[in-house]
Amino acid sequence: MFRSCSILIQLLRSSALVLPLLLASCIGVIRPSRDFTTYQPAAEPDYAMAANWAALPDRRDSADAVPRNTDLHDRQRDAPVDVFFVHPTTFYRRGAWNADLSNESVNKFTDASTIRKQASVFNSTARIYAPRYRQATLFSFFDDKSESGKRALDLAYSDVKASFQYYLSHYNMGRPIIIASHSQGTLHATRLLHEFFDNDPKLRKQLVAAYLIGFNVKNNEYQSIKPCEDSTQTGCYVSWNTVEWGNDYPPFEGGVATNPLTWTRDTATAPAALNLGGTPYSFTGLDKAVVDAKVHNGLVWVHPPKAAGYPRFLLPGRPELRHSFHIADYALFYLNIRQNAEARVRAYRMHMAGN
C-alpha cells in the first residue's frame, strides 16, 4: 500500500494540481511522522528578499502569464491597483508540517500551478504581490486527532501576516488593494481581513474587493466588510466553492456563495452563454461557455464541462466529495474573474474620484 501511495503522490506532483487526488487509505502516508511540537520548522522568511515572493510586479515571474492562443495581455506596469494573492496548498509531503521556502521543487510547483493559473487572472488590472510562506502540509486539514494541524496552519498564517505587513510598509504606498486567494490561502486571507481591514477604516477604504475563493467564508464573517451583492460593488468580498449540479459538499455548505457568472448571490441559474471563458489545466486557451452556474446552499452548482482539463477533487471512499470542482474554482471562470476585477477597479476609481 505504501508503494502504491508513493507512486500516486509522485504522479500528483508531476501533474501540478492544486489539491491532489488522494486515496483515503493514503492519508496516513502523508501524515508527518512527528508531532508539531517535536520538530523544528524552517527559518522565518525575510520578506525584504525578493526570493521569498512568488510574484512581484517589477520582475518576470509566473504571475505575468496569460493563457496561450488568446489576445490577453499582462498590464501590471500601468495597473492602477495592487493585488495581494495568497496561494493554496502546494505542499503535501510527510517530512514536515510546514514547507521550507528554500525547497526549489515546491517553489517551482507553486509557480507553475497556482501563480501561473490563478494569480495571473488579475494581471490586466493589478500589480501582483504573492508571498511564499511556510504553508501547512495538506495533511493539516485532515488532522482531527491532534493540535499539530492547527499549529501548522497558525505558523503558515504568521508568515502571511508578516509578508502583508512588509507589503504595506514597503510596496503599497497607499494604493488600492485587492485581496485574492484560494483554499488554504483563503483560510489565511480571511484571517488577514479580520486583523487588518475589518476594524481599520483607513485601510478598509483602500480595499477594492476580496476574492476569498475555495473555502467556507461565513455570511457574517466580519463586522464591517460585507459580501458583494453585484458586479461592481467595492469594499466587499466574494466567495464560492464549485460542485457538480445536484450534489452537496458538506464542508462548504452554508457559507457565502457568489455566482461568478452574474456576481449576485440569488439562486437564479446563469446559463453557460454568460461564461466568457474558462482556461484548462494546460493553460492553452479559453473555453467559452464552458459551464453554467447556480447558487445552492452555499455552493455554486455547475454542469460538468464537456471540455477536458478541469479536474475534480477526488477522494475515494468519500463519494459526497467526488463531485467537487475545487481544483477548478478559478479555471472554470477565468475570464469572468478577470473582467470582474477590471470592473470593480473602474467602479472603485470612479467612486474615489467623486469624493
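In this text the structure is predicted, and so the values were computed from the model without any measurement. Counting restarts for each chain, with residues numbered from 1 along the sequence as it is written. Local features in a predicted model are, by the rule used here, given only for residues with pLDDT of at least 70; side-chain atom pairs are given and counted only at 80 or more, and totals for whole chains, interfaces and linings are based on all residues. Only hydrogens and water are set aside; all other atoms, that is, all heavy atoms of the structure, feed into the side-chain values.

Sorry if this is basic, but what is going on with the state of the cysteines here?
Structurally, a disulfide amounts to a covalent bond that connects the sulfur atoms of two cysteines. By definition, disulfides here are pairs of cysteine sulfur atoms that lie within 2.5 Å. On inspection of all chains with the given rule, the structure shows one disulfide. Paired by a disulfide, Cys-228 and Cys-236 hold their sulfur atoms 2.0 Å apart. Taking the torsion about the S-S bond as the criterion, the Cys-228 to Cys-236 disulfide, at about 95°, is right-handed. Here Cys-228 and Cys-236 have matching classes, each one buried. The buried label goes to any residue with under 20% of its type's maximum accessible area, the exposed label to any with over 50%, and the partly exposed label to all in between, with areas taken from a 1.4 Å probe on protein chains only.

Honestly, the sheet that holds strand 9 (residues 299–302) in this entry has me stumped. Any pointers?
Within a beta sheet, neighbouring strands are joined by backbone hydrogen bonds and run either parallel or antiparallel to one another. If you trace the three strands from one edge of the open sheet to the other, you get 7-9-8, paired in mixed fashion. Either end of the sheet is taken by a strand with one partner, and the two such strands are strand 7 (242–244) and strand 8 (294–296). The average angle at which neighbouring strand axes cross in this sheet is 45°, direction not considered. As defined by bridge partners, strand 7 adjoins strand 9 across three bridges and the pair is classed as parallel. When the sheet's bridge partners are listed, Thr-242 is paired in strand 9 with Val-300. Following DSSP output, two strands are said to pair if at least two bridges run between them. A helix here means a DSSP run of H or I that spans at least four residues, while a strand means a run of E at least two residues long, and both kinds are numbered starting from the N terminus. Lines fitted to the C-alpha atoms define the axes, with helices restricted to the stretch that makes contact. Angles between their N-to-C directions range from 0 to 180 degrees.

Would you explain the pattern of salt bridges in this entry?
Where charged atoms of side chains with opposite charge meet at close range, the side chains can pair. For this analysis, a salt bridge means a side-chain nitrogen from Lys or Arg found within 4 Å of a carboxyl oxygen belonging to Asp or Glu. In this structure the tally under the stated criterion is 11 salt bridges. With a shortest N-O distance of 3.1 Å, Asp-154 and Lys-150 are connected by a salt bridge. Here the residue Asp-154 and the residue Lys-150 both occupy positions in helix 3 (residues 148–172), the gap between them amounting to four residues, near one helical turn. A relative accessible area of 29% means that Asp-154 is categorised as partly exposed. Note that Glu-195 and Lys-161 form a salt bridge whose closest N and O atoms lie 3.0 Å from each other. In this pair, Glu-195 sits in helix 4 (residues 184–196) while Lys-161 sits in helix 3, placing the two residues 34 residues apart along the sequence. Within the structure, one salt-bridge network assembled from shared partners comprises Lys-150, Asp-154, Lys-161, Arg-191 and Glu-195.

So what exactly am I meant to see when it comes to the confidence of the model for the protein chain here?
On a range of 0 to 100, pLDDT expresses the predictor's confidence in each residue. In this model, the protein chain carries a mean pLDDT of 89, and residues with pLDDT of at least 70 account for 89%. It only takes one pair of heavy atoms within 4.5 Å for two residues to be counted as in contact. Throughout residues 1–25 the model reports pLDDT below 50, and contacts reaching past four residues in sequence, or to other chains, amount to 56 contacts.

It is not clear to me how the nonpolar core should be interpreted in this structure. Could you clarify?
Here the nonpolar core consists of buried residues drawn from Ala, Val, Leu, Ile, Met, Phe, Trp, Tyr and Cys, with membership extended through side-chain atoms lying within 4.5 Å. Formed by 50 residues in total, the largest nonpolar core has its most connected members in Phe-122, Tyr-211, Phe-333 and Ile-337. Of all the secondary-structure elements, those providing two or more residues to this core are strand 1 (53–55), strand 2 (81–86), strand 3 (126–131), strand 4 (177–182), strand 5 (207–213), strand 6 (236–238), strand 9 and helix 6 (334–354). With six residues, the single largest contributor to this core is helix 6. Not counting residues up to four positions away in its chain, the partners in contact with Tyr-211 are Phe-122, Ile-178, Ile-179, Ala-180, Ser-181, Val-238, Trp-263, Tyr-330, Ile-337, Asn-340, Ala-341 and Arg-344. Ranked by size, the runner-up nonpolar core spans 29 residues in total, among them Leu-56, Phe-84, Ala-156 and Ala-189.

Looking at this model, I keep getting lost on the sheet that holds strand 2. Mind explaining?
If you walk across this open sheet you meet the six strands as 1-3-2-4-5-6, and the pairing is mixed. If you trace the sheet from one side to the other, it starts and ends with strand 1 and strand 6, each paired once. Sheet twist, expressed as the mean angle between neighbouring strand axes with direction ignored, is 20°. Pairing geometry for strand 2 and strand 3, over four bridges, is parallel. If you follow Phe-84 over to strand 3, its bridge partner there is Tyr-129. Packing against the sheet, helix 4 makes contact with strand 2, strand 4 and strand 5, and its axis sits at approximately 145° to strand 4.

What am I meant to see in the side chain of Thr-125 here?
Mapped onto the elements, Thr-125 comes out in the loop between helix 2 (104–117) and strand 3. When neighbours within four sequence positions are excluded, Thr-125 is seen to be in contact with Ala-79, Pro-80, Val-81, Ala-341, Glu-342 and Val-345.

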